[in-house]
Amino acid sequence: MLSTSSRTKMKTINGDSLTPILIFRRLQGNHKFLLESSAQHEGVGRFSFIGANPRKTYKGQGDGIQEYSHKTGKTYTHKGDLFVLLKRLMPRISNTTLFPFSGGAVGYVGHGATSIFTEQANVELPVVHFHVYETVIVFDHVTDEVTLIHTNIDAEKKDPNLEELAQQLINAREAEDSDCHYAPKQSAANEHFESSLTAIKDILDDETTRIVLSKRLIADFQGDAFALYRQLRKKNPAAYMYYIEFEDHVVLGTSPESLIRVKGERVIASLTEGTLPRGKTKGEDLEQERKLVENTEMGKSYGVLVSAIQQELQSVCFRDSIQVIETMKIERSKQALHMTSRVEGQILPMLHALDVLAATLPPFAPTEIPKAHLEKLSQAAGIFGGALGFIGFNGHLDFALTGKSMVIANETMHMQTTITVTKYTNTNEISKQVEEEERGFFTAI
């Protein structure tokens, strides 16, 4: 079935013999991406999004953004505030599709510039990095339909052949299964973690109520990054699962933590705090749930986080529209129990969805810690302190926290364990949690 509008062209095919993984592997092109969820048939988890061959790429750092046109091969430099530039550069095109994402920008916003060091070379990650896709493939897990959507950025640009793309997805032969191998390496920069954690708690006050601190894990990596993603999604499925190819690195991960969604006038902020492993039986599960609910310090810390997000939304939403819809609800993933809350509001009419993202990005350690501690916390910046997701042509936005993302660059795998610290955080428990995560991370995939 083919449908068209002035700027958007769509074709729907039967997808009962396809999967998002199969579509990704059959899709030809470069800079491919896959966004999906283990929470299928529920809300945003109903759809998976796949794409390749972006029209443009935006890379921002410092006081400017480089815009690269994949059509012409030309690069344009724009100077100014990164979020102001993004709002100006992101195409805004109305369409009538009912999908949360039907074309637009896919990528990440980090927290300050960072360099990932490998034995071979340095890879400098931008603060913001987005590919803009005119053609997106949407897999509907409820109807088993696959919809190919193309939206013209330029009104007179020639449409792609969606029938040819459909035949590629249905009939093309994917490459044989690939593999990957990794071996952990010790990072000397982690030795300051505990002292930094203590230093952070000492300076928290009424204005700075929460700070995120991280600890880096690294490994030698050989093989196919997408094979690593397939292992990860199988062993650690989560509400947000993502794989994005950039010029010199790949970002992949699974995360239970949504940061912010904007759909029309509606703003939805989700918070995940407190994690315990699943029990082996239903009774053990209930006991772990009781421990989460009855943990007094965790409850106080969670209250700080809910208050912080409410305060952040006051700058971008009508104040009387901000409501806590759910509070301290227990969510279950395959591996763990999580405590979640949801806060909603109505965006101010003069603002862009990117204004909401900018307002809700969590404060990362280097922005709040006195200079005496900055050297100890130098690894806390970058993509691991930011968020990843999409910004649709229609203005919709959905981002997840990237704290447990993996970056593959120059045969090295990088990950950081991130911890949100409030004045109620139990330092000893947090240190033990980080040590357990570090020991278990490489066996989890």
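Residues numbered from 1 in each chain as written. Predicted model: local features only at pLDDT ≥ 70, side-chain atom pairs only at ≥ 80, totals over all residues. Heavy atoms only, no water.

Asker: It is not clear to me how the overall build of the protein should be interpreted in this structure. Could you clarify?
Answerer: Within the protein one finds 11 helices and 25 strands. Taking as baseline every contact in the protein between residues at least 6 positions apart, the subset at least 24 positions apart corresponds to 70%. As displayed, the protein has an accessible area near 20200 Å², and 47% of this comes from carbon and sulfur atoms. (Helix = DSSP H or I, 4+ residues; strand = E, 2+ residues; numbered from the N terminus. Contact = heavy atoms within 4.5 Å. Areas by Shrake-Rupley, 256 points an atom, 1.4 Å probe, with all protein chains shown as cover.)

Asker: Would you mind showing me how to read unusual backbone geometry here?
Answerer: Negative phi values dominate among residues other than glycine, just as trans dominates among peptide bonds. Backbone geometry places D144, a non-glycine residue, at a positive phi of 60°. Mapped onto the elements of the fold, D144 is located in the loop between β12 (135-140) and β13 (145-151). Phi is positive for N410, which is not a glycine, with a value near 50°. On the secondary structure map, N410 appears in the loop between β24 (406-409) and β25 (412-421).

Asker: It is not clear to me how the pairing of strand β6 (residues 64-69) should be interpreted in this structure. Could you clarify?
Answerer: Residues in a regular strand point their side chains to alternate faces of the sheet. As judged from the 6 bridges shared by strand β5 (residues 56-61) and β6, these two strands associate in the antiparallel manner. Across the sheet, residue K59 finds its bridge partner in β6, namely Q66. In this structure, the hairpin formed by β5 and β6 is closed by a connection of 2 residues, where G62 is found at a positive phi of approximately 65°. Between β6 and strand β7 (residues 75-79), which follow one another and run antiparallel, lie 5 residues, and G73 among them has a positive phi close to 80°. (Pairing = 2+ DSSP bridges.)

Asker: I tried to follow the packing of aromatic side chains on my own but got confused; where do I start?
Answerer: When we look at a pair of aromatic rings, we describe it by the centre distance and by the angle of the planes. For the coordinates displayed, the defined rule picks out 13 aromatic pairs. Geometrically, the ring pair formed by F130 and F399 is edge-to-face, given 6.2 Å between the ring centres and 70° between the ring planes. With F130 in strand β11 (residues 128-133) and F399 in strand β23 (residues 397-401), this residue pair connects regions lying 269 residues apart in the sequence. Judged by its relative accessible area of 0%, F399 is buried. Ring geometry for Y229 versus Y243: centroids 5.9 Å apart, planes at 55°, classification tilted. Separated by 14 residues along the polypeptide, Y229 in helix α5 (residues 225-235) and Y243 in strand β16 (residues 240-245) bring together distant segments of the chain. Chaining the aromatic ring pairs together yields one cluster made of F47, F49, F99, F101 and F390. (Phe/Tyr/Trp six-rings, centres within 6.5 Å; stacked < 30°, edge-to-face > 60°. Buried < 20%, exposed > 50% of the residue type's maximum accessible area, 1.4 Å probe, protein only.)

Asker: Is there a simple way to think about the environment of S37 in this case?
Answerer: Secondary-structure assignment places S37 in the loop between β3 (33-36) and β4 (47-51). Residue S37 is classed as buried on the basis of its relative accessible area, which comes to 5%. Along the chain, S37 and R233 lie 196 residues apart, while their C-alpha atoms are 9.2 Å from each other. Those residues in contact with S37 that sit more than four places away from it in its chain are G45, A238, A239 and M241. A polar side-chain atom of S37 sits 2.7 Å from the main-chain carbonyl oxygen of A239. (Polar contact = N/O pair within 3.5 Å; in protein donor to acceptor, adjacent residues only side chain to side chain.)

Asker: Help me understand empty space enclosed by the protein, please; the structure alone is not making it clear to me.
Answerer: Unoccupied space between atoms shows up once a probe the size of one water molecule is rolled over them. Following the criterion strictly, the structure yields 1 cavity of 30 Å³ or more and no others. Taken as a whole, the largest cavity spans an internal volume of roughly 210 Å³. What lines the largest cavity is a set of 16 residues, and nearest its centre among them are L35, E36, Y240, F390 and D398. Secondary structure elements with two or more residues in the lining of the largest cavity: β3, β4, β16, β22 (382-392) and β23. (1 Å grid on protein atoms, 1.4 Å probe; cavity = no way out; pocket = protein on both sides within 12 Å on 5 of 7 lines; lining within 4 Å. Points joined across faces, edges and corners; volume = space filled by probe spheres on them.)

Asker: Hey, could you run me through helix α3 (residues 162-171) in this one?
Answerer: Each α-helix winds once per 3.6 residues, and so residues spaced three or four apart point in a common direction. For α3, the complete set of buried residues consists of L162, L165, A166, Q168 and L169. Across the axial projection of α3, the buried residues extend over an arc of 155°, all falling on one side. Exposed residues lying more than 90 degrees from the buried face of α3 are E164 and N171. The N-cap of α3, judged by a side-chain oxygen 3.1 Å from the amide nitrogen of E163 a few residues on, is N161. (Arc of directions from axis to C-beta.)

Asker: Explain the pairing of strand β17 (residues 250-255) here, please?
Answerer: Most of β17 is tucked away: 6 of the 6 residues are buried. Burial along β17 is two-sided: the face carrying V250, L252 and T254 and the face carrying V251, G253 and S255 are both buried. Pairing of β16 with β17, which is carried by 6 bridges, proceeds in the antiparallel orientation. Considered in β17, the bridge of I244 is made with V251. The antiparallel hairpin formed by β16 and β17 contains 4 residues in its connecting segment. The sheet contact formed by β17 and β24 spans 3 bridges and is antiparallel. Its bridge partner lying in β24, L252 is registered against M406.

Asker: Which parts of the structure should I look at to understand the nonpolar core?
Answerer: For soluble globular proteins, nonpolar side chains are generally found buried alongside one another. One finds F130, I260, L313, L357 and L397 to be the most contacted residues of the largest nonpolar core, which totals 48 residues. The biggest single contributor to this core is helix α7 (residues 296-313), with 6 residues. Other than its neighbours up to four places away in sequence, L357 contacts F83, V109, L259, I260, A387, L397 and F399. One finds L18, L162, L232 and Y243 within the second-largest nonpolar core, a separate group that totals 36 residues. (Core = buried A, V, L, I, M, F, W, Y, C linked by side-chain atoms within 4.5 Å.)

Asker: How should I be thinking about the packing of helix α2 (residues 82-89) against helix α8 (residues 353-360) in this particular structure?
Answerer: Working note: a packed helix pair is described by the angle between its axes plus the distance between those axes. Contact geometry for α2 and α8: axes closest at 10 Å, N-to-C directions at 155°. In terms of orientation, α2 lies roughly antiparallel with respect to α8. Crossing geometry of α2 relative to α8 is assigned as right-handed. Residue-level inspection shows F83, L86 and K87 of α2 in contact with α8, the latter providing L354, D355, L357 and A358. Across the contact of α2 with α8, the residue classes tally to 5 nonpolar, no polar and 2 charged. (Axes fitted to C-alpha atoms, helices over the stretch in contact; angles between N-to-C directions. Parallel < 35°, antiparallel > 145°, perpendicular 65-115°, else oblique. Left-handed = near helix turned anticlockwise from the far one by under 90°. Nonpolar A, V, L, I, M, F, W, Y, C, P; charged D, E, K, R; others polar.)

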